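Geometric and topological summary
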Amino acid sequence: MKTTLSEEQVTSLWDVAQQSGLSRRKFLALLATGGIAAVLAACAPAPAPTAVPTLAPTAAPTKAAPAAPAQAPAVAARTIEKPLPPQLFIPLGTNTEMRFEVMANRQYTMPNGLFFVRSHTSTPVIDVKTWKLSIEGDGVEKPFELTYDELLKLPSKTVTRYVECAGNGRSFYDSLLKKPAQGGQWKLGAYGVAEWTGVPLSELLKRAGIKSSAVDVMPTGLDSQKIERPMSVAKAMDEDVMLAYLMNGDILPNDHGFPARVIAPGWVGIANIKWVGKITVSEKALFVDKNTNNYVLIGPDYQPQGQSKGPILSENSMKSAIALPFPATLKAGQQKIVGYAWSPFGKIAKVDVSLDGGKTFQAATLVGPNIERAGTRWELTFNATPDMTTITPRAADEKGNVQYEVAQQKWNEQGYVFGAMVPHPVKVEG
Ligand SMILES: Nc1nc2c(c(=O)[nH]1)N[C@H]1C(S)=C(S)[C@@H](COP(=O)(O)O)O[C@H]1N2
Ligand SMILES: [Mo]
């Protein structure tokens, strides 16, 4: 018995199939022969079914239909709303990594449609008419609530900054250091630069009458797990830390935290809480899952600290990447490559590139904007020869930090803040 799908359901199913790398032709063939079940079976295994199913079981229009045949499973794989064509993204559970090569011929910032997504569960649907932000806790004199319209009326600012997952580069603990770390095996695409517009967190905290005795500020998300993580008052009062409601000039997309998210430049991605509903200001240091069990450094080089299993992460590591497929195939002869370099500590001072596995380096040219806590693009023109097997960029920032050899990379169980040079594998064809 065939189930009839509405056009919307087919589109939704196609999104899931696309996310799993299915071609349109294969998708249509599977749908025609085996229906929803066949399409889902061909897709990557779905993560925990916490998501709201976007594909409700179809009410079969025929009277003869038996009660609830093989029910269409909840489409838990569809936790991200935006389309994720496989030529632009590498899916990773409830997350997705930008393929760095898509930035090769683009401008500085990552368009919203290309920006990586890291969500612990699924993108919540928030009704902006009833959404309120509450600022509360013993660290403020005048707790208050704010509607979306009220937020938009407050003094705003616009900054260009990156967001990067603490686990970006985690796969290299395995592939380069031969010591795999737990968590999503990101290459380098869990990094994105955007122009953010919003209200400085300091503005909101001052309106709430933040006390001089306050020590921690904790935004809480409205997603199903209510993801939250505190930051110090010092960080919260930093001039570029904000509650953002525009991303690259557009209304913040649902996947990136609509209606409002924190932007905490330089700090690990988890500090940039999405879908914020509450900000707690506390006179005591706050300890929650995301600064005791996760987003802390656990390993032989680290000691537990108080309630935390290891040092609590704040700044991410400096990195560089090439806008080429991983691995890449190049034609022999003159080639121009483009890359990015970024540091949480300041502007990029220099990028050098090795074509011989780290024996010698040559200077790349920095091009376009070079913005602190955002990064810069760089270019290198060189002669590609068949003996080349890797291209290795090495970034240095204005504070004197330089990317190091992978042998110097300290290991931690959850594979955070990988910052060593990454030899990008290439094959040069004659
Ligand atoms: N509420 C909420 N905020 C969140 C997360 C989340 O799962 N829920 N993920 C965090 C992590 S780990 C990262 S790396 C960034 C990713 O932001 P993006 O999805 O906009 O790229 O959001 C952070 N903010
Ligand atoms: Mo993250």
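Scroll up for the structure.
This text gives an overview of the structure that appears in the document. (Residues numbered from 1 in each chain as written. Chains lettered and ligands numbered in written order. Predicted model: local features only at pLDDT ≥ 70, side-chain atom pairs only at ≥ 80, totals over all residues. Heavy atoms only, no water.)

Let's talk about the overall build of the chain
Helices and strands together make up the secondary structure of the chain, namely 7 helices and 21 strands. Within the chain, buried positions represent 53% of all 430 residues. Taking the contacts inside the chain whose residues are at least 6 apart along the sequence as the reference set, 70% of them involve residues at least 24 apart. Per element, the accessible surface of the chain, about 18800 Å² overall, is 53% carbon and sulfur. (Helix = DSSP H or I, 4+ residues; strand = E, 2+ residues; numbered from the N terminus. Buried < 20%, exposed > 50% of the residue type's maximum accessible area, 1.4 Å probe, protein only. Contact = heavy atoms within 4.5 Å. Areas by Shrake-Rupley, 256 points an atom, 1.4 Å probe, with all protein chains shown as cover.)

A short note on the pairing of strand β13 (residues 319-322)
Residues Lys319 and Ala321 of β13 are buried on one face, and the alternating residues Ser320 and Ile322, pointing to the opposite face, are buried as well. One ladder, built from 4 bridges, connects β13 with strand β15 (residues 333-342); its direction is antiparallel. Within the sheet, the bridge partner assigned to Lys319 lies in β15 and is Trp342. (Pairing = 2+ DSSP bridges.)

Some thoughts on the pattern of salt bridges
Throughout the structure, instances matching the rule amount to 13 salt bridges. Linking Asp238 and Arg373 is a salt bridge whose minimum nitrogen-to-oxygen distance equals 3.4 Å. In this pair, Asp238 is assigned in the loop between α6 (233-236) and β9 (242-247) and Arg373 in the loop between β18 (365-371) and β19 (375-384), connecting sequence segments 135 residues apart. (Salt bridge = Lys/Arg side-chain N within 4 Å of Asp/Glu carboxyl O.)

So, the site of ligand 1
Looking at ligand 1, there are 19 residues lining it, with Phe116, Asp223, His256, Arg261 and Lys274 nearest. Between ligand 1 and the protein, one listed contact pairs an oxygen atom with a backbone N or O atom of His120 at 2.7 Å. Contacts to ligand 1 include Asp223, whose side-chain N or O atom sits 2.6 Å from a nitrogen atom. Considering ligand 1 on its own, with 540 Å² of exposed area, one finds that the protein chains cover 100% of that surface. With respect to the pocket detection grid, ligand 1 is positioned in the largest cavity. Looking at the shell around ligand 1, its residues break down into 9 nonpolar, 6 polar and 4 charged. (Near = heavy atom within 4 Å. Polar contact = N/O pair within 3.5 Å; in protein donor to acceptor, adjacent residues only side chain to side chain. 1 Å grid on protein atoms, 1.4 Å probe; cavity = no way out; pocket = protein on both sides within 12 Å on 5 of 7 lines; lining within 4 Å. Sits in = over half its atoms within 2 Å of the grid points. Nonpolar A, V, L, I, M, F, W, Y, C, P; charged D, E, K, R; others polar.)

Some remarks on the sheet that holds β18
On the basis of which strands lie adjacent, the open sheet formed by 4 strands has the order β13-β15-β19-β18 and antiparallel pairing. What marks the edges here is a single partner per strand, and that holds for β13 and β18. Averaged over all pairs of adjacent strands, the angle between strand axes in this sheet comes to 20 degrees, irrespective of strand direction. Bridge analysis of β15 against β19 gives 9 bridges, and the strand direction is antiparallel. Paired with Gln334 across the strands is Asn383, a residue of β19. (Axes fitted to C-alpha atoms, helices over the stretch in contact; angles between N-to-C directions.)

Some details on empty space enclosed by the protein
To find the voids left in a structure, one rolls a probe of water-molecule size over its atoms. Enumeration over the complete set of coordinates arrives at 2 cavities of 30 Å³ or more. Among the residues forming the lining of the largest cavity, the class breakdown is 11 nonpolar, 5 polar and 4 charged. Estimates place the volume of the second largest cavity at around 30 Å³. Around the second largest cavity, the lining residues are Leu188, Ser320, Ala321, Ile322, Phe326, Pro393, Val422 and His424. Per-element accounting of the lining of the second largest cavity gives the leading share, 3 residues, to β13. (Points joined across faces, edges and corners; volume = space filled by probe spheres on them.)

As for the sheet that holds strand β21 (residues 424-429)
Within the open sheet, the 5 strands sit side by side as β14-β21-β20-β16-β17. Their pairing is mixed. Two strands close off the open sheet at either side, each with one partner strand: β14 (328-331) and β17 (362-363). Pairing of strand β16 (residues 348-354) with β17 involves 2 bridges; the strand directions are antiparallel. Following the sheet pairing, Asp352 is matched in β17 by Ala363.

Digging into the nonpolar core
One finds Leu133, Leu201, Leu204, Val217 and Leu243 to be the most contacted residues of the largest nonpolar core, which totals 44 residues. Elements with a contribution of two residues or more to this core: β3 (132-136), β4 (144-147), α3 (148-153), α5 (201-207), α6, β9 and β12 (276-282). Residues within four places of Leu243 in sequence aside, it is in contact with Leu133, Leu151, Gly198, Val199, Leu201, Leu204, Ala260, Arg261, Val262 and Val276. Among the nonpolar cores identified, the runner-up in size contains 42 residues, and Leu92, Ala321, Phe418 and Ala420 belong to it. (Core = buried A, V, L, I, M, F, W, Y, C linked by side-chain atoms within 4.5 Å.)

By themselves, these are just geometric observations and shouldn't be taken as functional.
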